[in-house]
Amino acid sequence: MTNPEQMLFTSTAQAFLEKETPLSRVREMQAAGVSFDPAWWQRAAELGWASLLVPEELGGGSVSGDGVADLAVLAEQAGRSVAPGPLHPVSVVLAGLCEAPENHEDTIESLVAGEAIASWAVYEPGRPWSPLQPGLSATAVGDGYRLDGVKDRVEAGDSATVLLVTAAVDGVARQFLVPTDTAGVTIEAQQSVDMVRRYARVSFDGAEVPATAVVGTAEQTPAVIERQRQVALVLQCAEIVGILDSVLAMTHQWLLDRHSFGRPLASYQALKHRFADMKLWFEAARATTAGAVEAVGNRSEDAPKLVSVAKAYVAERAPVMLQDCVQLHGGIGVTWEHDLHLFLRRATLNRAMFGSPEDHHRAVFELSRKVPA
């Protein structure tokens, strides 16, 4: 990282997270059944966290001029402390709205200011990850649309003020910006394996929205959804890189501090080799993530493939590495009191969302096939 503005932004974010959301605070929030403090998120937004993907003409801006890279740095810092908050869902929604901002400038402004919280309602019960094939229907009525169906696994859905909902209009995928207080919208909180990251099941029973709620045209929608998918994946991978960096440092220090037969555990060759393997995998995870971040930031034609390369590798290796770190800690590593499981939970959750590593391996294969002459 050579950009001085980005270095200052990173150090400011790190100091903010260390002060506001240490691991002890994460545990307190879990015990209280709280996902995050909206006032905390508004302070984070004041630091520019929600503005990175938003162009200056819409009230945003990034410190380095590359919003995706800045956002990835922020996600990595958040991963180091498994921080709470709606960084991921708000960023993904803004990624879509900024592609087609017409009629949504006020929402973008409120999201950038931290006054509103948004989430992408794309998953549906019993259905695989298929954002371009929603089961929820949108039917034209009068001067608007009626939404009928159910979404689930909506991150921060019970805290959101507005949802970006994928729906089928005459069999074609479209997206709608729906306030959560709309009549006919019912939200039920869902727990997750993570300590503080919460989800929600959202039912739409004849919920009516005006025509201005549509985000983009039918022709734009696939590209807008693809942009959101790419941003969601680089956020996941960057956060996992931060998680791995923290846990590897924690484990290395443990191996230096603990002794067996008068020698530090880190001096045993078998453990050295095991840790060296993990360091190699970590650097590969960081490199593949950096490649995906650069491609998405530059809107490269290789971005769809590179985000799948990153998700396939990072999400596949991370749980294995974290389980190895648990084993290297010995008995204490499997206790509730030790912090290792907080990181493992977040990485496991990220592995499952927006396509599994197996899904992305298949995607890489399809995208890498040579086109017949």
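Residues numbered from 1 in each chain as written. Predicted model: local features only at pLDDT ≥ 70, side-chain atom pairs only at ≥ 80, totals over all residues. Heavy atoms only, no water.

1. Topic: the overall build of the protein
So the rule is basically this: The helix count covers DSSP runs of H or I at least four residues long, the strand count covers runs of E at least two residues long, and both are numbered beginning at the N terminus. Our radius of gyration is a C-alpha quantity, and the globule rule it is checked against amounts to 2.2 Å times the number of residues to the power 0.38. Contact definition: two residues touch when any of their heavy atoms are within 4.5 Å. In this description, accessible areas are obtained by the Shrake-Rupley approach with a 1.4 Å probe, and a residue is regarded as covered only by the protein chains that are shown. The charged-residue count follows a simple rule in which Lys and Arg add positive charge and Asp and Glu add negative charge, with His and chain termini not counted at all. Taken as the charge location is NZ of Lys, CZ of Arg, CG of Asp or CD of Glu.
Helix and strand counts for the protein stand at eleven helices and nine strands. Over its C-alpha atoms the protein spans a radius of gyration of 21 Å, differing by no more than 12% from the 21 Å that the globule rule assigns to 373 residues. Dimensions of the protein, computed from the C-alpha atoms along their principal axes, are close to 80 × 60 × 45 Å. The contacts in the protein between residues at least 6 apart in sequence include a share of 74% that link residues at least 24 apart. Summing over all exposed atoms, the protein offers an accessible surface of approximately 16,300 Å²; the carbon and sulfur share of this is 53%. Treating the 31 positive side-chain charges of the protein as one cloud and the 46 negative ones as another, the clouds have centres 10 Å apart.

2. Notes on the pairing of strand 3 (residues 144-151)
The two faces of the sheet receive side chains in turn, since in a regular strand these alternate between them. Put simply, the rule reads: Strands were regarded as paired on the criterion that DSSP finds at least two bridges between them.
Of the strand pairs in this sheet, strand 2 (residues 137-141) and strand 3 are connected by five bridges, and their pairing is antiparallel. Residue Ala-140 lies in a different strand from strand 3, and its bridge partner there is Tyr-145. Counting the residues between successive antiparallel strands, the hairpin from strand 2 to strand 3 contains two residues, one of them, Gly-142, with a positive phi of roughly 60°. Judged from the eight bridges that link them, strand 3 and strand 7 (residues 199-210) form a sheet pairing that is antiparallel. Bridge assignment links Tyr-145 to a residue of strand 7, and that residue is Val-209.

3. Quick look at the UniProt feature "domain: Acyl-CoA dehydrogenase/oxidase N-terminal" (unreviewed entry) in the protein
Under the convention used in this document: UniProt positions are given in the numbering used here, feature names are shortened, and annotations may be inferred rather than shown by experiment.
With numbering matched to this structure, UniProt assigns "domain: Acyl-CoA dehydrogenase/oxidase N-terminal" (unreviewed entry) to residues 4-84. Helix and strand shares over residues 4-84 are 62% and 0% respectively, and the end C-alpha atoms of the span are 27 Å apart.

4. Observations concerning the UniProt feature "domain: Acyl-CoA dehydrogenase/oxidase C-terminal" (unreviewed entry) in the protein
Summarizing the sequence annotation, UniProt attributes the feature "domain: Acyl-CoA dehydrogenase/oxidase C-terminal" (unreviewed entry) to residues 235-359 in the numbering used throughout. A helix fraction of 75% and a strand fraction of 3% characterise residues 235-359, whose end C-alpha atoms lie 18 Å from each other.

5. Some points on the environment of Tyr-123
Within the secondary structure layout, Tyr-123 lies in the loop between strand 1 (118-121) and strand 2. Taking the C-alpha atoms as reference points, Tyr-123 and Leu-87, separated by 36 residues in sequence, lie 18 Å from one another. Those residues in contact with Tyr-123 that sit more than four places away from it in its chain are Trp-129, Val-150, Lys-151, Asp-152, Arg-153, Ala-352, Met-353, Phe-354 and Gly-355.

6. Observations concerning the pattern of salt bridges
Basically, it comes down to this: Counted as salt bridges are all cases of a side-chain nitrogen of Lys or Arg within 4 Å of a carboxyl oxygen of Asp or Glu. For the exposure calls, accessible area comes from a 1.4 Å probe over protein chains only, and a residue counts as buried if that area is under 20% of its type's maximum, exposed if over 50%, partly exposed in between.
Tallying each qualifying case throughout the model produces 21 salt bridges. For the salt bridge of Arg-25 with Glu-28, the shortest nitrogen-to-oxygen distance reads 3.4 Å. Taken together, the positions of Arg-25 and Glu-28, both in helix 2 (residues 23-32) and three residues apart, correspond to about one turn of that helix. For Arg-25, a relative accessible area of 32% translates into the label partly exposed. The closest approach of N and O atoms between Arg-362 and Asp-359, which form a salt bridge, is 2.6 Å. Highlighted residues: Arg-362 and Asp-359, both in helix 11 (residues 357-368), separated by three residues, approximately one helical turn. Given a relative accessible area of 32%, Asp-359 falls into the partly exposed group. The network of salt bridges with shared partners includes Glu-155, Asp-194, Arg-197, Glu-239 and Arg-346.

7. A closer look at the domain arrangement of the protein
Quick note on the threshold: Domain extents, as shown, originate in an automatic or database domain assignment. Values labelled buried area give the accessible surface lost by two parts on being combined, using a 1.4 Å probe and summing over both. Nitrogen and oxygen atoms within 3.5 Å of one another constitute a polar contact, given that in protein one can donate a hydrogen and the other can accept it, and given that sequence-neighbouring residues count only through two side-chain atoms. In this count, Pro and Cys sit with the nonpolar residues alongside Ala, Val, Leu, Ile, Met, Phe, Trp and Tyr, while Asp, Glu, Lys and Arg are called charged and the others, Gly among them, polar.
For the protein, the domain assignment lists domain 1 (4-116), domain 2 (119-216) and domain 3 (221-368). On a C-alpha basis, the centroid separation for the pair domain 1 and domain 2 is 22 Å. Taken together, the contact between domain 1 and domain 2 spans 22 residues of the former and 18 residues of the latter. Here domain 1 meets domain 2 over a buried area of about 1,700 Å², counting both sides, of which 70% is carbon and sulfur. Run the count over domain 1 and domain 2 and you get zero salt bridges. Linking domain 1 with domain 2 are two residue pairs in polar contact (both at pLDDT 80 or more). Those elements that provide at least two residues to the side of domain 1 that touches domain 2 are helix 2 and helix 5 (87-97). Examining the composition of the side of domain 1 that touches domain 2, we find that six residues originate from one element, helix 5, more than from any other. Per-class residue counts for the side of domain 1 that touches domain 2 are twelve nonpolar, nine polar and one charged.

8. Some details on the nonpolar core
Defined as follows: Residues belong to a common nonpolar core when they are buried Ala, Val, Leu, Ile, Met, Phe, Trp, Tyr or Cys residues joined through side-chain atoms within 4.5 Å.
Residues Trp-41, Trp-49, Leu-147, Phe-176 and Phe-204 are the most contacted members of the largest nonpolar core, which totals 117 residues. Of all the elements, helix 7 (residues 221-257) adds the most residues to this core, at 16 residues. Ignoring anything within four residues of it in the chain, the contact list for Phe-176 reads Ala-138, Tyr-145, Leu-147, Leu-163, Leu-164, Val-165, Ala-167, Val-169, Val-209, Ala-213 and Val-214.

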